[in-house]
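In case you want the letters, here they are:
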Amino acid sequence: MSRRSGYLIFFFILAVIAFCVWYGLHTFSSDPVTIEEYAQVSAPPKIKPDYSGIVIPPNIGPLNFVIHEPGTGYYVKAYSAEGTPLKVYSKTGRIEFSRRKWQKLLSVNPGKKLYIDIYVKSKGNGWVRHENIVNTIAEEPIDPYVAYRIINPLYNFTNNTAIHQYDLENNKESLIIKGKSFYSGCVNCHSFLNYDPETMLLGFRNIVYGMSTLFASNGRVKKLGIKFGHTSWHPSGKVAAYSIYRVKQFFHHARREVRDVVELDSALAYYLLDKQVAKTTPEFADKERLETQPVWSPDGKYLYFVSAPVLWENRKKLPPENFEKVQYDLMRISYDVETDTWGKLETFLSAEQTGKSILIPRFSPDGRFMLVSMCDYSCFALFQPSSDLYLIDMETGKYSDLEEANSNHSEAWHGFSSNSRWIVFSSKRPEGVFTRLYFSYIDKTGKSSKAFIMPQSDASFYESSYRIYNVPEFISGPVKISQKEFGRAIRSKDEVKVEIPFSTATPQAPGETLQLERE
Amino acid sequence: MAVLTKRTVVTIPRINILSIVFFACFYAYVWMVIEPYLIYYGFGIIVEYPEFSTGWGFFKGHLSHVSGLLEYVTGFLSHMFYYSWFGALTITAIAWLLSVGTVRLMRLSGTVKSNFIRYIPALFVLMMFNHYNNPLYTCLGILAGLWASILYEKISPKNIAGSIFIFIISLGVLYYIVGGGASIVFVLISGICVVLVEGKRLIGGSNLLVGTLMIFLFGIYLSPMSPTEAFFGMIGFEKSPEWSLELIPEICLYLFLPVLAAAVGLRDNLSSHKTGRADHKKSSSGKKSGSKKLRPVFQTAALAMAFFVTVFYSFDSRAKLKCRTIYLDRQEKWYGVMELISQLSSQNYNLFHNHFLNKALYFSGQLGDKMFFFPQQSESFLLSSKAGKGLKEFVGCHIFLRLGQVNLAEKKTHEIMENTGEHPQILKLLAQINIVKNQPETARMYLKALSKNLIYGGQGKDLLARLNEDPHQNTDPEVMHLRSIMLQTDSHFPDNMTEKLLLELFNDNTSNRMAFEYLMGHYLISGRLEKFANNISRLKDLNFNKIPVHYAEGILTYQSITGKKINMQGLIIPPEIIEEFKIFEEIHDDYKDKQTAAKALKARFGRCYYYYYTFYGTDIIP
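Residues numbered from 1 in each chain as written. Chains lettered and ligands numbered in written order. Predicted model: local features only at pLDDT ≥ 70, side-chain atom pairs only at ≥ 80, totals over all residues. Heavy atoms only, no water.

Here we take up the overall build of chain A. Secondary structure summary: chain A contains four helices and 34 strands in total. Rg of the C-alpha trace for chain A: 25 Å, near the compact-globule value of 24 Å for 519 residues, within the 12% margin. For chain A, the spread of C-alpha atoms along the three principal axes comes to 75 × 70 × 50 Å. Counting over 519 residues, chain A shows a buried share of 60%. Sequence separation of at least 24 residues holds for 59% of the intrachain contacts in chain A that already meet a minimum separation of 6. As displayed, chain A has an accessible area near 21,200 Å², and 51% of this comes from carbon and sulfur atoms. The positive charge centre, built from 62 side chains, and the negative charge centre, built from 57, are 8 Å apart in chain A. (Helix = DSSP H or I, 4+ residues; strand = E, 2+ residues; numbered from the N terminus. Rg over C-alpha atoms; globule rule 2.2 N^0.38 Å. Buried < 20%, exposed > 50% of the residue type's maximum accessible area, 1.4 Å probe, protein only. Contact = heavy atoms within 4.5 Å. Areas by Shrake-Rupley, 256 points an atom, 1.4 Å probe, with all protein chains shown as cover. Lys, Arg positive; Asp, Glu negative; His and termini not counted. Charge placed at Lys NZ, Arg CZ, Asp CG, Glu CD.)

Once that is clear, we can look at the overall build of chain B. Within chain B, the regular secondary structure consists of 31 helices and zero strands. Sorting the 622 residues of chain B into buried and exposed places 54% on the buried side. Contacts in chain B between residues at least 24 apart in sequence constitute 68% of all its contacts with a sequence separation of at least 6. As displayed, chain B offers around 28,300 Å² of accessible surface, 61% of which is attributable to carbon and sulfur atoms.

This next bit is on the sheet that holds strand β19 (residues 239-251) of chain A. Residue and element names in this part refer to chain A. Taking strand neighbours across the sheet as the criterion, the four strands line up as β18-β19-β20-β21 in an open arrangement whose pairing is antiparallel. Looking at which strands have only one partner, the edges of the open sheet turn out to be β18 (231-233) and β21 (277-279). Neighbour-to-neighbour, the strand axes of the sheet open up by a mean angle of 30 degrees, direction not taken into account. Both strand β20 (residues 259-272) and β21 contribute to a ladder of three bridges, which runs antiparallel. In the sheet register, Tyr-270 faces β21, and the bridge partner there is Lys-279. (Pairing = 2+ DSSP bridges. Axes fitted to C-alpha atoms, helices over the stretch in contact; angles between N-to-C directions.)

Residues and elements named next belong to chain A. Per-residue pLDDT for chain A has a mean of 88; in total, 91% of the residues score no lower than 70. Every residue in residues 26-30 scores below 50 in pLDDT, and together they form four contacts with partners more than four places removed in sequence or on other chains. A low-confidence stretch, residues 504-519 stays under pLDDT 50, and its non-local contacts, those more than four residues away or across chains, total 53 contacts. (pLDDT = per-residue confidence, 0-100.)

Taken residue by residue, helix α4 (residues 483-491) of chain A has Gln-483, Glu-485, Phe-486, Gly-487, Ala-489 and Ile-490 of chain A as its buried positions. Packing partners of the buried residues in α4 of chain A comprise β13 (172-178), β15 (196-206), β16 (210-217) and β17 (220-224) of chain A.

Before going further, it helps to spend a moment on the interface of chain A and chain B. Between chain A and chain B, the residue contacts involve 50 residues of the former and 54 residues of the latter. Surface buried jointly by chain A and chain B totals about 4,700 Å² across both partners, of which 60% is contributed by carbon and sulfur atoms. At the junction of chain A and chain B, the tally comes to three salt bridges. The closest approach of N and O atoms between Glu-463 of chain A and Lys-448 of chain B, which form a salt bridge, is 2.5 Å. Inspection of the chain A/chain B interface yields 15 residue pairs in polar contact (both at pLDDT 80 or more). Class assignment for the residues of the side of chain A that touches chain B results in 25 nonpolar, 15 polar and 10 charged. (Buried area = accessible area lost by both parts, 1.4 Å probe. Salt bridge = Lys/Arg side-chain N within 4 Å of Asp/Glu carboxyl O. Polar contact = N/O pair within 3.5 Å; in protein donor to acceptor, adjacent residues only side chain to side chain. Nonpolar A, V, L, I, M, F, W, Y, C, P; charged D, E, K, R; others polar.)

Moving on to the pattern of salt bridges. Counted under the stated rule, the structure contains 36 salt bridges over all chains. Residue Glu-96 of chain A pairs with Arg-94 of chain A through a salt bridge whose shortest N-O separation is 2.8 Å. Residue Asp-458 of chain A is joined to Arg-94 of chain A by a salt bridge in which the shortest nitrogen-to-oxygen separation is 2.8 Å. Separated by 364 residues along the polypeptide, Asp-458 of chain A in the loop between β33 (452-453) and β34 (468-475) and Arg-94 of chain A in strand β7 (residues 94-95) bring together distant segments of the chain. Taking relative accessible area as the criterion, Arg-94 of chain A reaches 33% and is therefore assigned partly exposed. Here the salt bridges do not stand alone but share partners, grouping Lys-48 of chain A together with Glu-441 and Arg-444 of chain B into one network.

Residues and elements named next belong to chain A. Considering the arrangement of structural elements, one finds Phe-305 in strand β23 (residues 302-309). Taking relative accessible area as the criterion, Phe-305 reaches 1% and is therefore assigned buried. Residues Phe-305 and Leu-268, spaced 37 residues apart in sequence, show a C-alpha to C-alpha distance of 8.7 Å. When neighbours within four sequence positions are excluded, Phe-305 is seen to be in contact with Leu-268, Glu-283, Phe-284, Glu-291, Thr-292, Gln-293, Pro-294, Asp-329, Leu-330, Met-331, Ile-333 and Leu-345.

Residues spaced three or four apart along an α-helix point in a common direction, a consequence of the helix completing one turn every 3.6 residues. The complete set of buried residues in helix α24 (residues 477-485) of chain B reads Val-479, Leu-482, Arg-483 and Ile-485 of chain B. Where α24 of chain B starts, the residue carrying a side-chain oxygen 2.9 Å from the main-chain nitrogen of Glu-478 of chain B turns out to be Asp-476 of chain B.

What follows concerns the sheet that holds strand β11 (residues 145-151) of chain A. Residue and element names in this part refer to chain A. Strand order in the open sheet formed by four strands is β13-β12-β11-β34, and the pairing between neighbours is antiparallel. In this open sheet, the two strands that pair with only one neighbour each are β13 and β34. Direction aside, neighbouring strands of the sheet carry axes that sit 25 degrees apart on average.

Quick look at the confidence of the model for chain B now. Residue and element names in this part refer to chain B. Averaged over all residues, the pLDDT of chain B is 84; the fraction at 70 or higher stands at 86%. Overall, residues 1-12 carries pLDDT values under 50, and its contacts beyond four positions in sequence, including any with other chains, amount to zero contacts. This stretch, residues 276-288, has a pLDDT under 50; its non-local contacts, to residues over four places away or in other chains, come to 11 contacts. Per the prediction output, this complex has pTM 0.86; the corresponding ipTM is 0.84.

We now examine the packing of helix α21 (residues 424-436) of chain B against α24 of chain B. All names here are of chain B. The contact between α21 and α24 brings their axes to 9 Å, and the two run at 65 degrees. The pairing of α21 with α24 is recorded here as roughly perpendicular in orientation. For the element pair α21 and α24, the recorded crossing hand is right-handed. On α24, the residues touching Gln-432, Ile-435 and Val-436 of α21 are Glu-478, Val-479, Leu-482 and Arg-483. In terms of residue class, the contact of α21 with α24 is built from four nonpolar, one polar and two charged. (Parallel < 35°, antiparallel > 145°, perpendicular 65-115°, else oblique. Left-handed = near helix turned anticlockwise from the far one by under 90°.)

Residue and element names in this part refer to chain A. Here strand β32 (residues 436-441) lies mainly inside the structure; six of its six residues are buried. Of the two faces of β32, the one lined by Arg-436, Tyr-438 and Ser-440 and the one lined by Leu-437, Phe-439 and Tyr-441 are each fully buried. Note that strand β31 (residues 422-427) and β32 share six bridges and pair antiparallel. For Trp-422, the partnering residue across the bridge sits in β32 and is Tyr-441. In the sheet, β32 pairs with β33 via two bridges, with the strands oriented antiparallel. What sits directly across from Phe-439, in β33, is Phe-452.

As enumerated under the stated definition, the model contains 87 aromatic pairs over all chains in all. Their ring planes at 35 degrees and their centres at 4.2 Å tell us that Tyr-335 of chain A and Trp-342 of chain A sit as a pair that is tilted. Of the residues examined, Tyr-335 of chain A reaches a relative accessible area of 7% and is grouped as buried. Both rings, one in Phe-312 of chain B and one in Tyr-313 of chain B, keep their centres 5.1 Å apart while their planes meet at 90 degrees; by these two values the pair is edge-to-face. Grouping residues by exposure puts Phe-312 of chain B and Tyr-313 of chain B together as exposed. Among the aromatic residues, those joined into a ring-pair cluster are Tyr-37, Tyr-40, Tyr-41, Phe-43, Tyr-82, Tyr-83, Tyr-327 and Tyr-456 of chain B. (Phe/Tyr/Trp six-rings, centres within 6.5 Å; stacked < 30°, edge-to-face > 60°.)

So this is what it looks like as structure tokens:
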């Protein structure tokens with residue numbers, strides 16, 4: 001091999017790599033077409049995902065979709081009262097809008113309608129125009145990012161848990177932390193303080209580095225010598241309430257949903273950040289009840305949580321007797337953060353009243369509404385096909401089914417945006433197996449709009465992806481803490497020693513540790 | 001006056017007959033003996049499943065991380081093992097390129113003859129594939145590292161700055177394409193060559209230092225792991241962290257080329273110090289002429305011996321057998337499975353063979369007649385315990401579906417997918433499970449993923465088209481059969497309780513013949529003759545028109561022990577079976593020593609249930 005041919009090969013390899021990178025970054029632009037004649041069809045076109053009749057945020061990224069109508073050519077025009085219409089031509093039915101043009105169109109039309117005209121060219125019959133899709137562009141924006149956990153359909157093993165964040169304005173996903181980087185560890189229970197991506201708590205566990213909670217603040221991550229379950233920050237940032245539980249999974253041999261979960265024991269505790277001490281109180285650590293899923297009211301004066309009576313004697317049997325009768329009540333207890341004193345425990349809404357198990361309470365930041373999921377029984381709503389979202393009006397105490405947002409499948413893991421107008425939640429629609437993230441608009445009276453799935457750059461993304469999305473949390477910007485920083489904290493032998501002046505929240509069998517065994 | 005003479009050196013490529021013969025044999029061996037398609041069938045069970053999917057999205061995903069391109073190529077070539085001839089060609093091509101690279105490496109130092117040494121990397125490659133592992137990732141990485149070193153030697157400028165600059169760029173590109181492992185090979189070879197062969201100690205030393213530091217920093221910067229974890233991870237050892245003898249060829253291949261470069265360089269240095277390079281070459285060529293005639297003979301003999309020794313000592317016949325059993329089972333070649341397993345020695349026969357055998361016997365309608373022709377273990381039916389995790393889960397999910405435990409099959413299949421990845425068999429099975437559960441939308445998701453598979457993509461598309469035409473698949477006989485036996489009554493006990501699971505199925509649907517036969521087989525193996533006897537009356541309901549041989553033997557054993565009669569619903573035990581049983585009892589009674597009796601009776605009665613019961617199951621109370 002001569003020096004010259006060596007150079008040639010070297011530059012050829014460089015050129016191939018450069019081409020690959022360019023090709024990877026490049027998206028094909030579509031050619032405009034002119035349709036002079038077309039037949040009108042009164043039926044709406046079949047599109048996936050279903051982005052019709054919805055209310056969308058003015059800052060959401062392009063709602064790309066695939067037209068599932070037989071045809072050889074597809075032409076889509078999206079327009080509103082102002083701005084330049086978007087035109088996309090496709091031979092396959094994949095409609096992917098230009099991000100820049102889409103954002104421009106939406107940004108000049110808040111509060112107005114967004115029309116999407118769809119034309120399909122069929123073999124021999126020319127163009128057919130379907131009934132157009134009409135969506136509404138809301139005036140209130142959505143928080144720009146949502147953080148969530150991704151797993152595969154999960155049974156006994158977890159190898160691929162990861163916390164991601166999604167840029168809702170640009171349809172881009174990025175990784176916050178993945179368990180596989182730490183000997184297949186499990187990462188879970190992420191919780192942000194007042195939508196701030198810089199301040200968060202995150203649980204992890206694995207065989208090498210054990211089990212603890214990571215506390216991220218101002219770009220640094222510390223390891224706390226304690227593992228939190230479901231966690232909620234006090235709005236002041238001084239306290240985090242969390243659950244500790246012994247939760248078990250079991251499997252149904254002949255039901256549509258194979259999995260089921262039961263808490264054999266649980267209680268609440270809270271962590272005082274400045275004193276580095278974890279505490280509990282008998283009001284939410286009753287050995288005869290299962291207390292879990294805490295959330296603070298936006299003014300910080302109350303801690304809400306759900307609680308159910310223990311209906312079995314044998315706490316080791318799986319599943320325990322009467323597991324199908326376990327229904328959780330919504331409770332609250334007042335708290336003075338300055339003096340660290342608790343008030344009287346109250347039942348805010350009982351399962352007896354609703355006839356259902358009330359789970360995952362979440363406040364709108366304006367304090368007007370509380371969103372919960374309700375299902376026939378259980379502490380784990382996503383494994384219950386009966387699980388639906390309900391909105392509680394905190395002024396009147398009345399609750400109502402979010403009919404427009406709900407489906408025939410499970411809905412859970414919900415949360416409000418920082419302006420209280422948007423909700424994000426996990427839903428198993430349309431097929432009942434894969435959990436995806438959906439958004440819905442909640443107006444000032446508490447009325448919801450039809451939910452829509454989190455948009456993706458790849459229009460057909462959801463048609464062959466079986467990733468499970470859950471525990472979504474809106475955040476005001478991206479989490480900038482690197483995986484490396486999380487990794488350093490996980491590996492670190494230094495951890496914040498947490499004083500735990502209670503043995504465990506609920507008395508239990510000797511030698512047994514109350515901990516998270518499954519989420 | 002100085003006379004300027006211009007000399008042109010023309011290199012005529014010589015045909016190396018020995019090399020052609022060696023690689024022809026190598027190809028033939030890999031194709032015909034190793035049979036790469038068997039490695040393909042071991043993916044996800046014996047070796048890690050190499051993820052590969054067609055389509056831009058998958059490729060794009062691999063562009064976004066270090067060594068993604070190497071993983072992509074490895075995935076593609078691994079899937080092509082499905083076609084044995086192509087797989088053999090790939091492996092041979094890698095071995096050949098390593099061999100040619102070795103020659104080039106030696107020539108860099110002026111060593112013209114590489115002789116036998118050039119074949120050593122090929123032999124390491126052969127040893128790795130002989131274990132039915134899939135070392136493509138390692139082999140391709142090392143190959144890239146080697147050729148990048150050769151390329152660097154050719155293009156590096158004379159000056160220090162330029163040389164280091166080109167080195168850093170090359171290393172950066174190589175690191176992105178193939179990751180840390182191959183980059184280390186590159187750094188070591190190129191550094192050693194520059195120091196020892198070219199004598200440029202400053203450049204070579206700088207390259208070694210800068211290269212090692214760069215890889216170390218890349219590892220720290222790009223990975224969230226600790227430096228040590230990152231280092232070992234990037235050289236490819238994170239996937240097999242446990243030490244085993246099978247790692248030796250891999251480690252040897254990693255070390256061989258840098259060590260060779262160092263050895264050749266040092267020899268070159270020492271020779272030139274003593275006599276000067278020209279003299280050295282002269283003397284060595286003089287030596288050659290002495291034994292010129294005999295040398296090819298010795299070389300060929302040595303090479304042939306090395307080849308056969310490598311083959312003989314490293315070939316893992318057990319792994320091959322396991323892969324072939326999986327292949328035959330997957331193809332539903334039941335008689336092939338039985339024939340293969342019947343050839344096994346008792347040392348090689350294990351729970352998995354037992355499982356595959358029973359499955360083959362059932363599907364060929366011979367379980368009740370021939371299962372005691374082979375050693376039996378009661379866990380074999382559902383692989384309920386002891387079994388190795390990967391195979392147990394992979395195989396278990398198939399058998400649970402066939403039995404009608406559809407939910408447990410779904411659970412197991414998802415679990416194996418969590419560990420294995422998007423294996424086409426898993427995707428297909430999940431689609432099938434969801435079709436049976438009448439969840440066509442979910443099935444469609446899995447079939448769409450299957451459609452992107454390199455080998456099974458066509459099958460995925462066909463199944464998808466069928467599903468689109470008839471979403472509920474009400475005309476598919478297999479789907480209808482599975483729906484008919486699918487468990488309807490819910491319960492929630494663990495999936496390792498063989499008897500309970502089979503009983504649950506059979507009680508739920510008394511026409512579930514597979515559940516019945518497995519249950520009866522389980523009772524016979526575990527010696528629970530009372531329970532066996534209680535279920536004999538079900539034979540008629542399941543349309544048995546004759547009593548299977550082992551059932552008859554079980555009935556006779558039970559009656560002989562308990563003195564009770566069994567209602568056989570009009571079915572008759574053939575007189576020859578009764579006669580044989582009587583003879584067995586008579587002979588058996590003649591022996592007082594159990595071991596002597598077992599030996600004496602084995603030839604005639606070794607395949608009968610009562611023999612098994614008497615000599616293997618006596619500790620079990622009927």
